[in-house]
Amino acid sequence: MFDVNKIRDSFPMIRNNPELIYFDSSATSLKPQCVIDTVVNYYEKETANIHRGDYDISFDVSKAYDNTRKTVAGFIGAQDPNCIVFTSGATASLNTVAINFGKKFLTEGDVILTSELEHASNILPWFKAAEESGAKIEYVPLNVDGSFNLSEYVKCFENKRIKIVALPYVSNVLGYINPVKQICRIAHENHALVCIDGAQSVPHIPTNVKEDDIDFLAFSSHKMLGPSGVGVLYAKFDLLNQMDPIFYGGGSNARFFKNGEIMLKNSPDKFEAGTPCIEGVLGLQSAIEYLETVGMEKISEHCEQLSNYFADKLNDLANVTVYNRGSKAGIVTFNLKQIFAQDAASYFNANHISVRTGNHCAKLLPNIINASETIRASFYLYNTFEEIDRFVELIKDTTIEKCVDSVL
Ligand SMILES: Cc1ncc(COP(=O)(O)O)c(C=O)c1O
């Protein structure tokens with residue numbers, strides 16, 4: 001059974017801040033006690049570097065680190081743990097793909113197909129790849145509400161040299177779940193590869209890279225209950241084999257010679273030069289165990305119910321515009337009429353409610369939804385309907401004057 005009170009009890013941030021209503025999990029999630037304990041345990045009881053020491057603690061930590069690779073692979077439906085590369089975050093994972101793909105596979109006139117939904121981290125690296133290779137960036141036309149339009153996507157492949165499709169599984173502003181399985185199938189039929197930004201999907205919905213046939217998937221630990229400073233790049237093994245690392249150094253090479261020749265190790269080691277965020281990777285293991293104990297289906301259902309409940313309540317209010325009715329991934333983006341989003345957020349903050357405002361790093365999307373700044377409430381497994389009720393009561397009561405007073 002999904003017991004939200006039990007879940008809330010395991011989050012110290014909730015226990016220690018009884019008044020806090022945290023609706024900003026798309027930016028970063030709160031962490032359960034088990035994740036914190038794992039990180040502290042590494043510092044207090046088992047500090048050692050991995051893959052380097054000839055003593056028990058180093059062996060044990062190395063084993064736990066490598067075991068997390070297996071756990072992550074299982075969590076996203078990847079059969080081979082060697083397809084899992086640990087990075088510093090989704091941004092680093094996406095840069096690794098774009099920089100490499102640009103160098104190895106793009107030539108002048110090729111097309112990188114993306115969308116105006118993108119978070120900066122899944123578009124700026126592709127801008128650079130295009131600049132360096134002479135490839136062109138093109139955008140899939142979206143529906144008026146910003147949702148994905150599969151027939152427009154299919155049309156994009158007519159007479160185009162699309163080599164790579166870079167899209168989010170879930171938009172961090174609108175929360176719509178893109179039809180990734182069809183996106184991959186259509187791209188593959190047209191000899192293109194697909195890079196999916198999974199930063200907002202992996203924490204919220206069950207993921208299966210094999211079923212979807214995803215070529216590259218990037219996500220961050222800190223958005224899925226794990227520590228900051230750790231990300232994942234999943235890629236099909238033959239693609240990883242063809243790619244070069246961005247960083248070179250200890251741990252990634254088998255040998256090197258005076259003449260500058262480097263013999264790199266196989267994936268994933270060749271992509272993990274230097275000491276990684278060991279405690280973060282161990283913490284990610286605990287985060288995934290926690291998510292799996294609760295159940296990803298249940299988490300996804302809970303977040304969808306919360307966002308539907310909130311959007312329905314907002315819909316009854318004359319002073320509110322909702323931009324993403326039908327969003328399924330726990331994200332509701334809205335504005336209060338005549339009130340600047342950041343002023344509203346200050347008023348909410350004064351009432352212990354944390355939300356995010358602005359363009360949410362998706363700086364092309366305002367043209368599509370016709371709003372330069374929005375308020376984003378994002379929910380996760382520890383949020384409740386009662387918290388939403390309190391927020392709705394506050395929104396009903398929000399005026400320009402109260403917002404301005406809270407800023408002053
Ligand atoms: C859709 C999306 N992609 C990528 C990122 C970047 O993630 P990180 O900052 O953890 O690298 C974010 C972060 O908010 C995001 O929402």
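These numbers come from a predicted model, not from an experiment.

A. Structural view of the overall build of the protein. Within the protein, the regular secondary structure consists of 16 helices and 15 strands. Taking 22 Å as the expected radius of gyration for a compact globule of 408 residues, we find that the protein reaches 22 Å, a close match to that expectation. C-alpha atoms of the protein, sized along the principal axes, occupy 70 × 60 × 40 Å. Per-residue burial over the protein gives 54% buried out of 408 residues. For the protein, restricting intrachain contacts to residue pairs at least 6 apart in sequence, the fraction spanning at least 24 positions comes to 72%. For the protein, the distance from the average position of its 37 positive side-chain charges to the average position of its 50 negative side-chain charges is 4 Å.

B. The site of the ligand, seen in detail. Taken together, Gly89, Ala90, Thr91, His119, Ser121, Asn172, Asp197, Ala199, Gln200, Ser220, His222 and Lys223 make up the full set of residues near the ligand. For the ligand, an oxygen atom lies 2.6 Å from a polar atom in the side chain of serine 220. Protein coverage of the free-state accessible area of the ligand, which is 400 Å², stands at 85%. Partitioned by chemical class, the residues of the shell around the ligand number two nonpolar, eight polar and two charged.

C. Fine view of the nonpolar core. Counting 75 residues, the largest nonpolar core has Ile76, Tyr153, Val165 and Tyr382 as the members making the most contacts within it. Top element by residues in this core is helix α11 (residues 278–294). It accounts for nine residues. When residues of this core are assigned to domains, at least three map to each of domain 1 (4–30 + 296–407) and domain 2 (36–292). In this structure isoleucine 76 touches Ile84, Val202, Thr207, Asn208, Val209, Leu217, Phe219 and Tyr234, once residues within four positions along its chain are discounted.

D. Main features of the pattern of salt bridges. Applying the stated criterion to the full structure yields 17 salt bridges. Where glutamate 138 meets lysine 160, a salt bridge forms, and the shortest distance between an N and an O atom there is 3.2 Å. Of this pair, glutamate 138 sits in strand β4 (residues 136–139) while lysine 160 is found in the loop between α7 (150–156) and β5 (162–168), placing the two residues 22 residues apart along the sequence. The partner of lysine 396 in a salt bridge is glutamate 393, and the shortest N-O contact between them spans 3.0 Å. Here glutamate 393 and lysine 396 lie together in helix α15 (residues 385–396), a separation of three residues that amounts to about one turn. Each member of the salt-bridge network shares a partner with another, and the members are Asp110, Arg161 and Lys163.

E. Quick look at the pairing of strand β9 (residues 253–256). Inspection of the sheet shows β9 paired to strand β10 (residues 262–264) by three bridges, in the antiparallel sense. Paired with arginine 255 across the strands is methionine 263, a residue of β10. Between β9 and β10, which pair antiparallel in sequence order, lie five residues; one of them, glycine 260, sits at a positive phi of approximately 95°.

F. Fine view of the environment of leucine 381. Assignment of secondary structure puts leucine 381 in the loop between β15 (374–378) and α15. Residue classification places leucine 381 among the buried residues on the basis of a relative accessible area of 0%. Along the primary structure leucine 381 and glutamate 301 are separated by 80 residues, whereas in three dimensions their C-alpha atoms are 9.4 Å apart. Beyond its immediate stretch of four places on either side in the chain, leucine 381 contacts Phe2, Val4, Ile7, Leu225, Tyr290, Val294, Ile299, His302 and Cys303.

G. Expanded view of the sheet that holds strand β8 (residues 231–235). Taken together, the seven strands give an open sheet; going across it, the order is β2-β8-β7-β6-β5-β3-β4, and neighbouring strands pair in mixed fashion. The strands lining the two open edges of the sheet, one partner per strand, are β2 (84–87) and β4. Each strand of the sheet is rotated relative to its neighbour by a mean of 20°, with strand direction disregarded. Its contacts with the sheet put helix α5 (residues 90–105) on β2, β5, β6 (193–197), β7 (216–220) and β8, and the angle it makes with β7 is roughly 155°.

H. Structural context of the sheet that holds β15. The strand order across the open sheet built from four strands is β11-β12-β15-β14, with neighbouring strands paired in antiparallel fashion. Only two strands of the sheet have a single neighbouring strand rather than two, namely β11 (320–322) and β14 (356–358). Adjacent strand axes in the sheet meet at a mean angle of 30° when their direction is disregarded. Where β14 and β15 come together, three bridges link them in antiparallel fashion. Paired with threonine 357 across the bridge in β15 is isoleucine 375.

I. Spatial organisation of the state of the cysteines. According to the stated counting rule, one finds zero disulfides in the structure shown. You can see cysteine 34 has no disulfide; the closest cysteine sulfur is in cysteine 277, sitting 16 Å from it.

So, how was this worked out
Residues numbered from 1 in each chain as written. Predicted model: local features only at pLDDT ≥ 70, side-chain atom pairs only at ≥ 80, totals over all residues. Heavy atoms only, no water. Helix = DSSP H or I, 4+ residues; strand = E, 2+ residues; numbered from the N terminus. Rg over C-alpha atoms; globule rule 2.2 N^0.38 Å. Buried < 20%, exposed > 50% of the residue type's maximum accessible area, 1.4 Å probe, protein only. Contact = heavy atoms within 4.5 Å. Lys, Arg positive; Asp, Glu negative; His and termini not counted. Charge placed at Lys NZ, Arg CZ, Asp CG, Glu CD. Near = heavy atom within 4 Å. Polar contact = N/O pair within 3.5 Å; in protein donor to acceptor, adjacent residues only side chain to side chain. Areas by Shrake-Rupley, 256 points an atom, 1.4 Å probe, with all protein chains shown as cover. Nonpolar A, V, L, I, M, F, W, Y, C, P; charged D, E, K, R; others polar. Core = buried A, V, L, I, M, F, W, Y, C linked by side-chain atoms within 4.5 Å. Domains from an automatic or database assignment. Salt bridge = Lys/Arg side-chain N within 4 Å of Asp/Glu carboxyl O. Pairing = 2+ DSSP bridges. Axes fitted to C-alpha atoms, helices over the stretch in contact; angles between N-to-C directions. Disulfide = S-S within 2.5 Å.

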